[in-house]
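An overview of the molecular structure
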Amino acid sequence: MDTNQNLNNTQKKLVGPSSASAYLDPHYWDERFSNEEHYEWLKDYSHFQHLIQAHINPNFSVLELGCGNSQLSEHLYEDGITNITCTDLSAVAVQNKQKRLLSKGLIEIKVMEADMLDLPFSDETFDVIIEKGTMDVLFVDSGDPWNPKPSTVTKVMKMLKGVHRVLKPNGIFISISFGQPHLRRPLYNAPEFTWSFEWKTFGDGFHYFFYTLKKGNRSLEGNEGSKRLEQPSI
Ligand SMILES: C[S@@+](CC[C@H](N)C(=O)[O-])C[C@H]1O[C@@H](n2cnc3c(N)ncnc32)[C@H](O)[C@@H]1O
């Protein structure tokens, strides 16, 4: 193998792209998932399992957005949730995940290619929709976080409207994110949404945010419509 070949192989193993906007490029994800078996963005399930369990029961239908090669769905399955649909924009992520689930005998978990900005599901299909680090991708070229570019806001609102549409009445959107509440609140609390807005943090040192938005439960008091709940210890 020559030096260039070695260099290419080394480059392929790097975790980050050369610029953050690559995270918006489906080719980046296909390339990455061709070379990466498993990577958990933010934190793995053990860090927020207690927060998820408060909102989920085994009869629920669950949609995961941007599953990548995360093991979130397998852990949910171990916790008794069997009606799970995983989606990702990357065909490579989807194929790899299908193979992995098959090898583990978890054939009940469905995996399909889907763009979170154009969800191919009927209205009011899911009890719970979860994303971990997927919506954050839309913000990588947002510019000033206090005043994101109109193109970023348009994409985020398209995603949120789709999520709101395919959630059942009283369904819950769980968003696990780097994004801080003061930056996310104006988007989640847009007038077209009927969901309530609550959040907690998890993680040691750096804190990640665990948002829960319950459809049809928006508070009529005030226009903030959000509250922070007491954080249980892990
Ligand atoms: C930061 S990774 C998070 C992966 C996984 N959720 C985790 O926690 O490890 C973002 C994921 O979103 C996917 N993605 C990016 N844009 C997407 C879109 N428009 N629709 C669906 N998935 C998308 C990527 O392919 C990638 O798997």
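Residues numbered from 1 in each chain as written. Predicted model: local features only at pLDDT ≥ 70, side-chain atom pairs only at ≥ 80, totals over all residues.

Note the following rule: UniProt positions are given in the numbering used here, feature names are shortened, and annotations may be inferred rather than shown by experiment.
In UniProt, the protein has this text filed under Sequence similarities (unreviewed entry): "Belongs to the methyltransferase superfamily."

Side note on the overall build of the protein
What counts, and what does not: A helix here means a DSSP run of H or I that spans at least four residues, while a strand means a run of E at least two residues long, and both kinds are numbered starting from the N terminus. Partly exposed residues are those falling between the two cut-offs: more than 12 but fewer than 20 other C-beta atoms within 10 Å of their own, whereas 20 or more means buried and 12 or fewer means exposed, with C-beta atoms placed from the backbone. It is the C-beta atoms, placed from the backbone, that decide contacts: two residues are in contact if theirs lie within 7 Å.
Within the protein one finds eight helices and eight strands. Counting only residues that meet the buried cut, the protein has 32% of its 234 residues in that class. For the protein, the share of sequence-separated contacts (at least 6 apart) that also reach a separation of at least 24 residues comes to 69%.

Structural notes on the pairing of strand β6 (residues 197–202)
The criterion, for reference: Two strands are counted as paired when DSSP detects at least two bridges linking them.
Inspection of the sheet shows β6 paired to strand β7 (residues 208–214) by five bridges, in the antiparallel sense. In the sheet register, Trp199 faces β7, and the bridge partner there is Tyr211. The turn linking β6 back onto β7 is made up of five residues, and Gly203 within it adopts a positive phi angle of 105°.

Thoughts on the nonpolar core
What counts here: Each nonpolar core comprises buried Ala, Val, Leu, Ile, Met, Phe, Trp, Tyr and Cys residues, the members being joined through C-beta atoms within 7 Å.
Membership of the largest hydrophobic core comes to 46 residues, with the highest contact counts inside it found for Val62, Val128, Ile129, Met159, Phe173, Ile174 and Leu213. Among the elements that make up this core, the one with the highest residue count is strand β5 (residues 167–177) (five residues). If near-sequence neighbours (up to four positions away) are discounted, Phe173 is found in contact with Ile129, Val163, Leu167, Trp195 and Leu213.

Details of the environment of Arg184
Assignment of secondary structure puts Arg184 in helix α8 (residues 181–188). Given 20 C-beta atoms within a 10 Å radius, Arg184 is considered buried. Arg184 sits 38 residues away from Trp146 along the chain, and the two C-alpha atoms are 9.6 Å apart. For Arg184, the contacting residues outside a window of four places in its chain are Gly179 and Tyr211.

Comments concerning the site of the ligand
How we decide: Contact assignment follows one rule, namely that a residue is near a molecule or strand if its backbone-placed C-beta atom lies within 6 Å of it. Throughout this entry, Asp, Glu, Lys and Arg are counted as charged residues, while Ala, Val, Leu, Ile, Met, Phe, Trp, Tyr, Cys and Pro are counted as nonpolar. The remaining residues, Gly among them, count as polar.
Neighbouring the ligand are 19 residues; Trp29, Gly66, Gly68, Ser70 and Lys132 lie closest to it. Here the shell around the ligand is composed, by residue class, of nine nonpolar, six polar and four charged.

What to know about the packing of helix α2 (residues 26–35) against helix α5 (residues 91–103)
Which entries qualify depends on this criterion: For helices, the axis comes from a line fit to the C-alpha atoms of the stretch in contact; other axes are also lines fit to C-alpha atoms, and the angle between any two N-to-C directions lies between 0 and 180 degrees. By definition in this entry, angles of less than 35 degrees are roughly parallel, angles greater than 145 are roughly antiparallel, angles of 65 to 115 are roughly perpendicular, and the rest are oblique.
Remark: α2 packs on α5, axes separated minimally by 7 Å, with the N-to-C direction vectors making an angle of 30°. In terms of orientation, α2 lies roughly parallel with respect to α5. Counting all contacts with α2, which are made through Trp29, Asp30, Phe33 and Ser34, the residues of α5 involved are Ala91, Val92, Ala93 and Asn96.

Brief notes about the environment of Val166
Residue placement: Val166 occurs in helix α7 (residues 150–166). C-alpha of Val166 to C-alpha of Thr125: the two residues are 41 residues apart in sequence and 5.2 Å apart in space. Here Val166 is in contact with Leu119, Phe121, Asp123, Glu124, Thr125 and Phe126, once residues within four sequence places are set aside.

A few points about α7
Cut-off, in case you're wondering: Helix span is expected to be 1.5 Å times the residue number reduced by one.
With 17 residues, α7 ought to run about 24 Å at 1.5 Å a step, and its terminal C-alpha atoms sit 24 Å apart, in line with that. The set of residues buried in α7 consists of Lys155, Val156, Met159, Leu160, Gly162, Val163 and His164. Elements in contact with the buried residues of α7: β4 (126–132), α6 (134–137), β5 and α8.

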